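A closer look at the structure
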Amino acid sequence: MSPAVWTMDVFEKGNFVLLRLTLPLPPWPPTGRHDRYYDIDQILNTPGPRTDPAFLAGDGVKDFLRNQAKILVIGAGGLGCEILANLALTGFKDIHVIDMDTIDISNLNRQFLFRQKDVGQPKATVAAEFIMKRVPGCKVTPYFGKIQDKDDDYYMQFNLVICGLDSVEARRWMSATLVNLVDPENPESLKPLIDGGTEGFKGQARVILPTITSCYECSLDMLNKQTVFPICTIANTPRLPEHCIEWASVLEWPRVHGDKPKDTDDPEHIGWLYTVAAARAKEFNIEGVTWALTQGVVKNIIPAIASTNAIIAASCCNEAFKIATSSAAYLNNYFMLIGTDGVYSYTFEHEKREDCPVCGGESLDVSISSELTLEEFIDLLIERQDIQIKKPSLSTPTTQLYLQAPPQLEEATRPNLKKKVKELVAQNGEVTVTSTSLPFSLSLRLRFT
Amino acid sequence: MLLAPPPETTDCQKPYYIAVSLNCFTPTSHITIIRKNSWDGEMVGDFEIGANSRNPGTLCLRGNEYPISELLTSEFKVFRTTWEWKVKSFGPDKPIMIFWDDYGGGGVLSIWSMKKNEDAAAKKKPKTSAAQIRVQKDLTELDLPSTMQTHFPDPADLLNFTLTITPDEGMYKGGAFVFSFAINTNYPHDPPKVKCTQTIYHPNVDLEGNVCLNILREDWKPVLNLNSVMVGLQYLFLEPNADDPLNKEAAIEMSKNREQFLANVKSSMRGHNIKGVQYANVLVR
Amino acid sequence: MSTSTAVEAQPDSKTRRYDRQLRLWAASGQSALENSRLLVISASATSTSILKNLVLPGVGHFTILDPATVTPRDAGNNFFLEGESSIGKSRAQEAVRLLAELNDGVEGKADTSSLEHILDTNPAYFASYTLVIAHNLEPKLLERLSTLLWADDTLPTLVVVNSAGFLGEFYIQFHEHTIIDSHSETAPSLRIDKAFPALYDYSTSLDFASMDPTDHTHVPYVVILVRALADWKAAHDGKPPQTAADKKAFKEAIRGMQVKSDEENFEEAEAQAYRCWTETGVPSDIAALFQDPQLSTLSPTSPPFFHLLEALRRFTLEPPHTLPLTSTLPDMKANTASYIHLQKLYKTRAEEEKAILKGFLSVPVDDVLVDSFVKNAHGLKVLRGKKYGTLNADSAALASNVASSSKAAAIHLALSALAAVGPQPTIETLTVAAQALLPPGTELPEDFSDAVGEMCVPFVLCFSSVSPMPRVSSPNADAVSPRFAHCSARSPTADLPNTAAFLGGLVAQEVIKMITKQYVPISSYCVVDLVETWTGTI
């Protein structure tokens, strides 16, 4: 890449030497008038007052954005459709998208890359095809499946990941995976994660720099608690239509259908639950059991509209654009929007949690002799002044090395104590240590000498 | 702060000393001064970066002043705050890259060569999930009385096990009640799924094995742990609650006709049939 | 029980399509949307982003007014143009074609005339629309349009949207906006302190002492409180607990009613005990609505909302001087029978009070509307708007905004100045234009230079450290010497896809709130800064 050319004039004024830096002046009107990136290039040709110092305007950044950057979008639903369209328009050309769902009619009020004829098709595939047709030169690679199907090597190839998901579990997995990917010796292993979520007129977008800023796990306690009813209320003292629906779903379905799984996307199953719930409501003189409520309760439906998704997706993509190009400061680190009463938003820095099980635990590199037994190794850990561990339990990602309790597990893992650590853990292998004296856990990477 | 040269650089054996200090005139701005060999060694260069001077200024290098842009090129990686510093005198074929990583908020310095790190791919590491670590922590820190015992059908699988409660007082004394625990990967966001594996006569446990314990559903919080759940379960055998029942018949019996209820408990524990329901023999053998 | 009857109950495909939004604004909001007609001026990226979010949920009709043809620039940053193949075609027609594809139930129309021509020749053009949206409209035309639409309160609402690069703002011009269902998060009063006769009689007739212990743990807290309050008043000259000591004693009395510890319903009662000494009256914001000028000039042709408001006012003049009771009872610890019984008492009383309110109506009003009005009486809103441009014409008001919310004011001033200066701004011209809006001598907000800097690049001065002198950099050119003043364009005209999408979402949310008359729309400028990602209002 060629750095932008600056000119510098020197003036003297009193005791000071003044340097005047002149930025490259794009011709006016800009020569790129007819270019498809005319609007974007206004940003990329020139820095602004709050532009990161690392930003150097010009061809280099455009080349990175359009020819090198590789970006992964998780989810091709309400947020995903918007994210894909925005990324494509801002000039990202190598986009991958993962989604395990197929298109349902209730998606069509907001997932604007899908049409009635697409119902039943995989979201990722249809969305990718639509974007490639609408935005020439943009390559979107779909994967119709689960994020858990992919390994670290897969995630390693991207510069950035944007999540537009509605599942807490998938987000936790993605956040933890990217935190674990970070190798302090390889800056490229740090993949910024941008996460968006919406509910009705409300939403949030955040930037996570794995291991550096607060991760998804750090903020788990900020989640709204889903309404759960006491099982005895459901069983014996229903008062609300929701109690009747939960009775049908939690108690009657397994009682009547045994192990047959309940498919909340199957209208026959919803129909059964609705009928059972309605009969129970009638028996107890409770009003208000409807098909829509039944579906809402059993699927835990969250209201969703195009406009809120547009705001949050735009915010996510704007952060991706700014991070990838350094053309402006990026969000630090949490943006929350509430659109029910006027337009209220709150931008703040969510703090990293020291005792976060994903990014909070300390990580140590430990070199030990190949001859050391597990027992000797544990003694060594206990003796170490810097970590202060009492009664540690140790495991690797695949197996338990030694657990202090319960007795059965202690007994089962006790034979390992006499074994050499080298037989149990691979070179550079990871060992997780828990102990009552640790805030959460300690992660060790073992090197044998 | 110490800056070490990349190992493959032969003509740059000595460490760099780098001082980052506040500009007293614009406190939001930092001046970085780099020297060779020692804190008062030869000055290699300096530059200033700050909130009010976001546009690069000049850099003084071996007595000559250059616009930073001629010496500093930013890498268009996602690390927006990583600076790649090209030192002119080494020529284009032998670049030394100095990165100034400012993402943590202040002056972490590292040196990096343009050589791709080939080990990076080799360092692929499986990772223990948060749920797994949390379960390990919960289990190894269990503080259970002798009346409760865990059993792991597969000791390598910490996510599925049973808990046997053998009350040593109260109306359920003499029985051994077995609960299955199934923990999913969303633990502790999701509570463990607990069921009674036997058909028992208890106001708060239904015939399908569902258990009415608030912390298993509506009052579950991630700060609770497996110990809290187990203690809660044991409490149900010491103090059954007839007011909020799951097995309504048992509850009615318990509040209306305690004698009959106690008799039913005893007889059900022996595996008898009460009102058409066959209960499991749960007596400790 | 057969599954076939249940499957018949599955909603029709339109309801299924709109399911996720019907859960927010229900059938009434949906029908308002479907009866609305929108006019959007220009088919810019921002305009189509706004429209996308309104076509998807199903507005009735939209027209795009735009005489321009598609340039490569448009095709590159507007998702509702089809790349190469759209270039050279009518921008309005291409955008309408691709937007209409999103929803078969929406009618779209392209109009390639120019706004100026319509303003000159056919001012009645706008009357058939519900709402008009204008993006980055040239200031003189905008002034003409806003004046025209302000002339009469039957003319459409005007939404003005301006953006440049990472910055944007919008404003809604409307005369009056009434909201029945504001989706208020405060719950209506249960009126425990002013228990209606049936509730009072029921609560005082219960024999807590001889009650079955299981039933005792299932008496709803509302009943417990009404009873405890009645007992208290009987012993205290008919007065509720007043002092801190009273309140403590009252809570102790509730605890004393328990037959065993940890009765959850009594714990709930104790936690809700404040309801006994917090007098239920007319909330102050609702009382303020009774001063509305529309009430003093009420005529048979006044909107039904104000007839209902007048009836409500008269209702509150009568004892117990409260809003009519609503039948929504929150969930509480109770068994089915006692809860359903209590719910029935509330429902019956709510019907009675609604009938009383209806008696105060001087014109007939649709029952559905009365129901909704009574149910949401605690969250009613009346918003009064101002003509677009009022703020910028009032330098004192602008100055006070600069003082109170300087960051948002800085962006508003920069965008206002940009609109005035046109497409080739310099720091000086923008500064002069912004300064002209403020009273003489008022300083521009601190963040103004950052805001205009997004449109122009301020040059940088560095005091060098060739000699051991400290260096200083300053974005403020004038402080040193005006001859350094120099700038180049950053993004005075950039319609960035992300900014367009962000504004598209925000504006569509507000339009939906205006049309459905649900939730509360913004009644000031909304300002957006996507450099640091925040929104503000001035």
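Here the structure is a predicted model, which is why all the values come from computation and not from measurement. (Residues numbered from 1 in each chain as written. Chains lettered and ligands numbered in written order. Predicted model: local features only at pLDDT ≥ 70, side-chain atom pairs only at ≥ 80, totals over all residues. Heavy atoms only, no water.)

Quick notes on the overall build of chain B
Within chain B one finds six helices and 16 strands. Expressed as a percentage of the 285 residues in chain B, the buried residues total 52%. Sequence-distant contacts in chain B: of pairs separated by 6 or more residues, those separated by 24 or more amount to 39%. With an accessible surface of roughly 13000 Å², chain B has 53% of that area assigned to carbon and sulfur atoms. (Helix = DSSP H or I, 4+ residues; strand = E, 2+ residues; numbered from the N terminus. Buried < 20%, exposed > 50% of the residue type's maximum accessible area, 1.4 Å probe, protein only. Contact = heavy atoms within 4.5 Å. Areas by Shrake-Rupley, 256 points an atom, 1.4 Å probe, with all protein chains shown as cover.)

Brief notes about the UniProt feature "active site" (unreviewed entry) in chain A
This chain's UniProt record puts "active site" (unreviewed entry) on Cys232(A). As for its placement among the helices and strands, Cys232(A) is situated in helix H7 (residues 231–236). Classification of Cys232(A) by relative accessible area gives buried; the value is 8%. Those residues in contact with Cys232(A), other than ones at most four positions away along the chain, are Thr237(A), Cys212(B), Asp244(B), Pro245(B) and Leu246(B). (UniProt positions renumbered as here; feature names shortened; annotations may be inferred.)

Some points on the domain arrangement of chain A
Domain annotation for chain A reports domain 1 (59–224 + 304–348), domain 2 (231–299) and domain 3 (364–448). Taking only C-alpha atoms into account, the centre of domain 2 of chain A sits 48 Å from that of domain 3 of chain A. (Domains from an automatic or database assignment.)

Details of the nonpolar core
Grouped together as the largest cluster of nonpolar side chains are 117 residues, with contacts concentrated most on Leu87(A) and Phe79(C). By residue number, the principal contributor to this core is helix H11 (residues 306–325) of chain A, which donates 11 residues. The residues touching Phe79(C), leaving out its near neighbours within four places in the chain, are Ala85(A), Leu89(A), Phe112(A), Leu113(A), Phe130(A), Ile131(A), Arg134(A) and Val135(A). Core analysis: the second largest hydrophobic core is formed by 60 residues, Trp247(A), Leu251(A), Ala281(A) and Trp232(C) among them. (Core = buried A, V, L, I, M, F, W, Y, C linked by side-chain atoms within 4.5 Å.)

Here we look at the environment of Tyr202(C)
Residues and elements named next belong to chain C. Secondary-structure assignment places tyrosine 202 in helix H10 (residues 197–205). Each C-alpha atom of the pair tyrosine 202 and isoleucine 179 lies 36 Å from the other, and the pair is 23 residues apart in sequence. Sequence-distant contacts of tyrosine 202, defined by excluding residues within four places in its chain, comprise Val223, Ser338, His341 and Leu345.

A few points about the pattern of salt bridges
Under the defined criterion, the tally for this structure stands at 51 salt bridges over all chains. The closest approach of N and O atoms between Asp118(A) and Lys117(A), which form a salt bridge, is 3.2 Å. In this structure, Glu270(C) engages Arg255(C) in a salt bridge whose closest nitrogen and oxygen atoms are separated by 2.9 Å. In this pair, Glu270(C) sits in helix H14 (residues 264–271) while Arg255(C) sits in helix H13 (residues 244–256), placing the two residues 15 residues apart along the sequence. Salt bridges sharing common partners tie together Lys133(A), Glu82(C), Glu94(C) and Arg97(C). (Salt bridge = Lys/Arg side-chain N within 4 Å of Asp/Glu carboxyl O.)

Let's talk about the UniProt feature "domain: E2 binding" (unreviewed entry) in chain A
According to UniProt, the feature "domain: E2 binding" (unreviewed entry) maps to residues 366–449 of chain A in the numbering used here. Spanning residues 366–449 of chain A, this segment combines 25% helix with 26% strand, and its end C-alpha atoms are found 10 Å apart.

Brief notes about the side chain of Thr316(C)
Within the element layout of this structure, Thr316(C) appears in helix H18 (residues 304–317). Setting aside anything within four residues of it in sequence, one finds Thr316(C) in contact with Val282(C), Phe290(C), His321(C), Thr322(C) and Leu323(C).

Points about the UniProt feature "domain: UBC core" (unreviewed entry) in chain B
Annotation from UniProt places "domain: UBC core" (unreviewed entry) at residues 130–274 of chain B. End C-alpha to end C-alpha, residues 130–274 of chain B measures 45 Å, and it is 31% helix and 15% strand.

Considerations on the environment of Phe440(A)
In this structure, Phe440(A) sits in the loop between strand E14 (430–434) and strand E15 (441–448). Sequence separation between Phe440(A) and Cys356(A) is 84 residues; the distance between their C-alpha atoms is 7.3 Å. Once residues lying within four places of it in the same chain are set aside, the contact partners of Phe440(A) are Asp355(A), Pro357(A), Thr434(A), Ile133(B), Arg134(B) and Lys137(B).

Comments concerning the UniProt feature "active site" (unreviewed entry) in chain B
With numbering aligned to this structure, UniProt lists the feature "active site" (unreviewed entry) at Cys212(B). Examined against the element boundaries, Cys212(B) turns out to sit in the loop between strand E14 (193–196) and helix H4 (226–238). Accessibility expressed as a relative area gives 11% for Cys212(B), which makes it buried. Every residue in contact with Cys212(B), bar those within four places of it in the chain, is listed here: Ile231(A), Cys232(A), Asn204(B), Leu236(B), Asp244(B) and Leu246(B).

Regarding the confidence of the model for chain A
In the predicted model, chain A carries a mean pLDDT of 87, and 91% of its residues have values of at least 70. Long-range and interchain partners of residues 1–33 of chain A, a stretch whose pLDDT sits below 50, account for 83 contacts in this model, where long-range means more than four residues apart. (pLDDT = per-residue confidence, 0-100.)

What about the sheet that holds strand E13 (residues 400–402) of chain A?
Residues and elements named next belong to chain A. Sheet architecture is open: five strands sit in the order E11-E15-E14-E12-E13, paired in mixed fashion. Each end of this open sheet is capped by a strand with a single partner; those strands are strand E11 (362–368) and E13. Geometrically, the sheet is characterised by an average inter-axis angle of 30 degrees between neighbouring strands, direction not taken into account. In this structure, E11 lies alongside E15, joined through seven bridges in parallel fashion. Residue pairing across strands places serine 367 opposite arginine 447, the latter belonging to E15. (Pairing = 2+ DSSP bridges. Axes fitted to C-alpha atoms, helices over the stretch in contact; angles between N-to-C directions.)

Here's the deal with unusual backbone geometry
All names here are of chain A. In this chain, asparagine 332 is followed by asparagine 333 through a cis amide linkage whose omega measures -15 degrees. Relative to the elements of secondary structure, asparagine 333 occurs in the loop between H11 and strand E9 (334–338). With an omega of -10 degrees, the peptide bond between alanine 405 and proline 406 qualifies as cis. Inspection of the secondary structure puts proline 406 in the loop between E13 and helix H13 (407–413). For lysine 391, which is not glycine, the phi dihedral falls at a positive 40 degrees. With respect to the helices and strands, lysine 391 occurs in the loop between helix H12 (374–383) and strand E12 (393–395). Note on lysine 391: relative accessible area 60%, which makes it exposed.

Structural notes on the sheet that holds strand E3 (residues 107–111) of chain C
All names here are of chain C. Strands sit in the order E3-E2-E1-E4-E5-E6-E11-E12 across an open sheet of eight strands; the sheet is mixed. Among the strands making up the open sheet, the edge pair consists of E3 and strand E12 (534–537). When the angles between neighbouring strand axes are averaged without regard to direction, this sheet yields 15 degrees. Here seven bridges tie strand E5 (residues 157–164) to strand E6 (residues 167–173), and the two strands are oriented antiparallel to one another. Opposite valine 159, over in E6, you have isoleucine 172 as the bridge partner. Along the sheet, helix H7 (residues 91–100) makes contact with strand E2 (61–65) and E3, crossing E2 at roughly 155 degrees. Packed onto the sheet, helix H26 (residues 497–516) meets strand E1 (37–41), strand E4 (131–135), E5, E6, strand E11 (526–529) and E12 and runs at close to 15 degrees relative to E6.

Examining the packing of helix H8 (residues 241–257) of chain A against helix H10 (residues 291–298) of chain A
Residues and elements named next belong to chain A. Closest axis-to-axis distance for the H8/H10 pair is 10 Å, and the angle between their directions is 60 degrees. The handedness of the crossing between H8 and H10 is right-handed. Facing H8, whose interface residues are Pro241, Glu242, Ile245, Glu246 and Ser249, H10 presents Leu293, Thr294, Val297 and Val298. Classifying every residue of the contact of H8 with H10 gives five nonpolar, two polar and two charged. (Left-handed = near helix turned anticlockwise from the far one by under 90°. Nonpolar A, V, L, I, M, F, W, Y, C, P; charged D, E, K, R; others polar.)

What about the confidence of the model for chain B?
Residue and element names in this part refer to chain B. When pLDDT is averaged along chain B, the result is 72; 55% of the residues meet or exceed 70. Long-range and interchain partners of residues 73–125, a stretch whose pLDDT sits below 50, account for 131 contacts in this model, where long-range means more than four residues apart. Here the prediction assigns the complex a pTM of 0.83, and the interface score ipTM is 0.92.

A look at the pairing of E5(C)
Residues and elements named next belong to chain C. Of all eight residues in E5, eight are buried; the element is thus mostly enclosed. Alternating residues of E5 divide into Thr157, Val159, Val161 and Ser163 and Leu158, Val160, Asn162 and Ala164, and every residue in both groups is buried. Linking E5 to E6, which pair antiparallel, is a turn of two residues; within it glycine 165 sits at a positive phi near 60 degrees.

A few points about the packing of helix H23 (residues 406–421) of chain C against helix H24 (residues 427–437) of chain C
Residues and elements named next belong to chain C. Where H23 meets H24, the closest approach of the two axes is 8 Å, and the angle between their N-to-C directions is 110 degrees. With respect to H24, the axis of H23 lies roughly perpendicular. You can see that H23 and H24 cross each other, and the crossing is right-handed. Listed contacts from H24 to Leu413, Ser416, Ala417, Leu418 and Val421 of H23 are Thr429, Leu430, Ala433, Ala434 and Leu437. Of the residues that constitute the contact of H23 with H24, the class distribution is eight nonpolar, two polar and no charged. (Parallel < 35°, antiparallel > 145°, perpendicular 65-115°, else oblique.)

Re the side chain of Ser47(C)
Here Ser47(C) shows up in helix H4 (residues 45–55). Excluding residues within four positions of it along the chain, Ser47(C) makes contact with Val40(C), Ile41(C), Ser42(C) and His135(C).

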